[in-house]
Amino acid sequence: MLLAMGTRLELEADRTIRSNDWWLTPSGEPRGAIRAHALDELWFHTGTACNLACPFCLEGSKPGDNRLQLLRFDDAMPYIDEALRLGVKRFSFTGGEPFVNKDIIRILDYALRHRSCLVLTNATEPLIKRLQQLKPLRDHSSELHFRISLDYADPVRHDAARGAGMFARALEGLRALHEMGFHVSVAHQKLSDMAQDAVAARFAEIFRSAGLPEQLTLIEFPELHPPHADVAVPQITGRCMADFHSEETRRSFMCSFSRMVVKSNGCTYVYACTLVDDDPDYILAQTLTEALQAPVSMKHHRCYSCFKYGASCSEVKRGVD
Ligand code: SF4
């Protein structure tokens, strides 16, 4: 059963390594927490280096950035093997821009021998330069999926943050991947002033003019704020989780069925999820087996986006597979 709160024993054990803040709100109420029920999906953070420097980036990624280091093949392989022993169903990769990482093709080749993979990409120069290297990956029986960032169905607005011509370049990368036979989806920003149907209709028009299928899967993201941002959101207590969520909905939180591997300061660690990699409290362990045992507190401001909007980087629970 998923926990709405940690048990007393877990609370005591965890207090030896984490502050009270992990378990208690500022007013002293027990925080909501989630315990993993499975490892359906394992994410790898390939590093915060990116060819772009978008001011809103939720990873704070930019050229040469090494807040999270580039993950090497030798870093990733043991986690792939451990995840397979734990019954993982899919491997997913995020950055930074994963195709800046020179080991990405080798890592994907190894992962695809076992499971399908998803890569989040801005689909610009780093990906376009590696299109030839991606071709042999189609020979695996496991599928390779790509999710391309098109922030808005508006090239001017997209380019205002990403740089002139980046919308057209990303569309070119997206079309190339589609023509090569890869499954593609698109991530975009949630707009408070436009209904989801209207956003979808605008994207459909763009896809049609680019010679793509109109109904590509769209993944909408709420505002998640850059790393280390001080964002005031309501505290999520154990009572909130019991009152507003059921066991079924708690199972859709990414920290209930996935983990993420990152590299920093020369070491690899397992974080609770892909949405939180700027708070060391969310480093759960160095192995997946241990990381799956640790209940995850919902103290981070991004947890509120999961709680309120169902924010998730995963496609596993969206029926996209
Ligand atoms: S951000 Fe969401 S998935 Fe991550 S730890 Fe918080 S509630 Fe869980």
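Since this is a predicted model, take the numbers as computed values, not measurements. Sequence order as written defines residue numbering, which begins from 1 separately in each chain. Given that the model is predicted, a residue must reach a pLDDT of at least 70 before its local features are reported, and side-chain atom pairs must reach 80 or more before they are shown or counted; all residues, however, enter totals for whole chains, interfaces and linings. By convention in this description, side-chain values take in all heavy atoms of the structure and omit both hydrogens and water.

1. Description of helix H7 (residues 155–162)
Phase 1 of the analysis: Working definition: with a 1.4 Å probe on protein chains only, accessible area under 20% of the residue-type maximum means buried, over 50% means exposed, and in between means partly exposed. What counts as a helix is a DSSP run of H or I of at least four residues, what counts as a strand is a run of E of at least two, and both are numbered from the N terminus. The complete set of buried residues in H7 reads His158, Asp159 and Arg162. Looking straight down H7, one finds that the buried residues subtend no more than 95° of arc, so they occupy a single side. Of the exposed residues in H7, the ones pointing more than 90 degrees away from its buried face are Val156 and Ala160.
Phase 2 of the analysis: Residues of H7 that are buried sit in contact with strand E5 (144–149) and helix H8 (166–179).
Phase 3 of the analysis: Two or three places before Val156, at the opening of H7, Asp154 has a side-chain oxygen 3.0 Å from that residue's backbone nitrogen.
Phase 4 of the analysis: Of the residues flanking the end of H7, it is Gly163, one or two places downstream, whose phi is positive at about 115°. As used here, the arc belongs to the directions running from the helix axis to the C-beta atoms. We call two residues contacting when some pair of their heavy atoms lies within 4.5 Å. Two N or O atoms form a polar contact when they lie within 3.5 Å of each other; inside protein one atom must be a possible hydrogen donor and the other a possible acceptor, and for residues adjacent in sequence the pair counts only when both atoms belong to side chains.

2. Quick look at the side chain of Ser116
Phase 1 of the analysis: Tracing the backbone through its elements, the reader meets Ser116 in strand E4 (residues 116–121).
Phase 2 of the analysis: For Ser116, the contacting residues outside a window of four places in its chain are Lys89, Arg90, Phe91, Ser142 and Glu143.

3. Comments concerning unusual backbone geometry
Phase 1 of the analysis: The omega torsion across Gly95 and Gly96 is 20°, close enough to zero to call that bond cis.
Phase 2 of the analysis: Checked against the element boundaries, Gly96 lands in the loop between strand E3 (90–94) and helix H4 (104–112).
Phase 3 of the analysis: In this structure, Ala123 takes a positive phi of about 60° despite not being glycine.
Phase 4 of the analysis: In this structure Ala123 comes out as buried when scored by relative accessible area, which is 0%.
Phase 5 of the analysis: For Asn265, which is not glycine, the phi dihedral falls at a positive 50°.
Phase 6 of the analysis: Tracing the sequence through the fold places Asn265 in the loop between strand E8 (258–264) and strand E9 (267–271).
Phase 7 of the analysis: On the basis of relative accessible area, Asn265 is assigned to the exposed category, the value being 74%.

4. Topic: the pairing of E3
Phase 1 of the analysis: When you tally the buried positions in E3, you get five out of five residues, the bulk of the element.
Phase 2 of the analysis: The two faces of E3 match: Arg90, Ser92 and Thr94 on one face and Phe91 and Phe93 on the other face are all buried.
Phase 3 of the analysis: Only strands joined by at least two bridges in the DSSP assignment are considered to pair. By the bridge criterion, five bridges tie strand E2 (residues 41–45) to E3 in an arrangement that is parallel. Paired with Glu41 across the strands is Arg90, a residue of E3.
Phase 4 of the analysis: By the bridge criterion, four bridges tie E3 to E4 in an arrangement that is parallel. Bridged to Phe93 within E4 is Val119.
Phase 5 of the analysis: In the classification by handedness, the crossover that spans E3, the intervening H4 and the parallel E4 is right-handed. Note on handedness: a crossover is taken as right-handed if, strands pointing away from the viewer, the path from the first strand over the helix to the second is clockwise.

5. Some thoughts on the packing of aromatic side chains
Phase 1 of the analysis: Only rings of Phe, Tyr and Trp enter the pairing, Trp through its six-membered ring, and a pair is recorded when the two centres are within 6.5 Å. The plane angle decides the type: under 30 degrees is stacked, over 60 is edge-to-face, the rest tilted. Evaluation of the coordinates by the stated rule reveals 10 aromatic pairs.
Phase 2 of the analysis: Their ring planes at 90° and their centres at 5.8 Å tell us that Phe73 and Tyr110 sit as a pair that is edge-to-face. Of this pair, Phe73 sits in helix H3 (residues 73–85) while Tyr110 sits in helix H4, and the two are 37 residues apart along the sequence. Accessibility assignment for this pair places Phe73 and Tyr110 in one class, buried.
Phase 3 of the analysis: Aromatic ring contacts, followed pair by pair, group Trp22, Trp23 and Tyr282 into a single cluster.
Phase 4 of the analysis: The criterion for a charge sitting over a ring is simple: Lys NZ or Arg CZ within 6 Å of the ring centre, and within 35 degrees of the ring normal. The ring of Phe73 carries Arg106 above its face, with NZ or CZ at 3.8 Å from the centroid.
Phase 5 of the analysis: Between Arg157 and the ring centre of Tyr152, over which it is positioned, the NZ or CZ distance is 4.2 Å.

6. Observations regarding the nonpolar core
Phase 1 of the analysis: Within the largest apolar cluster, 98 residues are counted, with the highest numbers of intra-cluster contacts made by Leu134 and Phe146.
Phase 2 of the analysis: No other element matches H4, which puts seven residues into this core.
Phase 3 of the analysis: Setting aside anything within four residues of it in sequence, one finds Phe146 in contact with Phe99, Leu118, Val119, Thr121, Leu127, Leu134, Leu177, Phe182, His183, Val184 and Ser185.
Phase 4 of the analysis: Counting five residues, the second largest nonpolar core, distinct from the first, contains Leu52, Cys54, Cys57 and Met166. Note on terminology: a nonpolar core comprises buried Ala, Val, Leu, Ile, Met, Phe, Trp, Tyr and Cys residues joined through side-chain atoms within 4.5 Å.

7. Focus on the pattern of salt bridges
Phase 1 of the analysis: Salt bridges are counted wherever a side-chain nitrogen of Lys or Arg sits within 4 Å of a carboxyl oxygen of Asp or Glu. The tally for this structure, following the rule as stated, stands at 17 salt bridges.
Phase 2 of the analysis: As a salt-bridge pair, Asp109 and Arg113 come within 3.3 Å of each other at their nearest N and O atoms.
Phase 3 of the analysis: The exposed category is assigned to Arg113, whose relative accessible area is 52%.
Phase 4 of the analysis: Linked by salt bridges that have partners in common, Asp21, Arg31, Asp279, Asp281 and Lys299 make up one network.

8. Side note on the sheet that holds E8
Phase 1 of the analysis: In space, the nine strands of this open sheet follow the order E7-E6-E5-E4-E3-E2-E8-E9-E10, with mixed pairing throughout. Both outer strands of the open sheet, strand E7 (217–221) and strand E10 (283–285), are each paired with one neighbouring strand and no more. Taken pair by pair, the neighbouring strands of this sheet meet at an average axis angle of 30°, ignoring direction.
Phase 2 of the analysis: In this structure, E8 lies alongside E9, joined through five bridges in antiparallel fashion. Its bridge partner lying in E9, Ser264 is registered against Cys267.
Phase 3 of the analysis: For every element, the axis is a line fit to its C-alpha atoms; helices are fit only across the contacting stretch, and the angle between N-to-C directions ranges from 0 to 180 degrees. Its contacts with the sheet put H3 on E2, E3, E8 and E9, and the angle it makes with E2 is roughly 170°.

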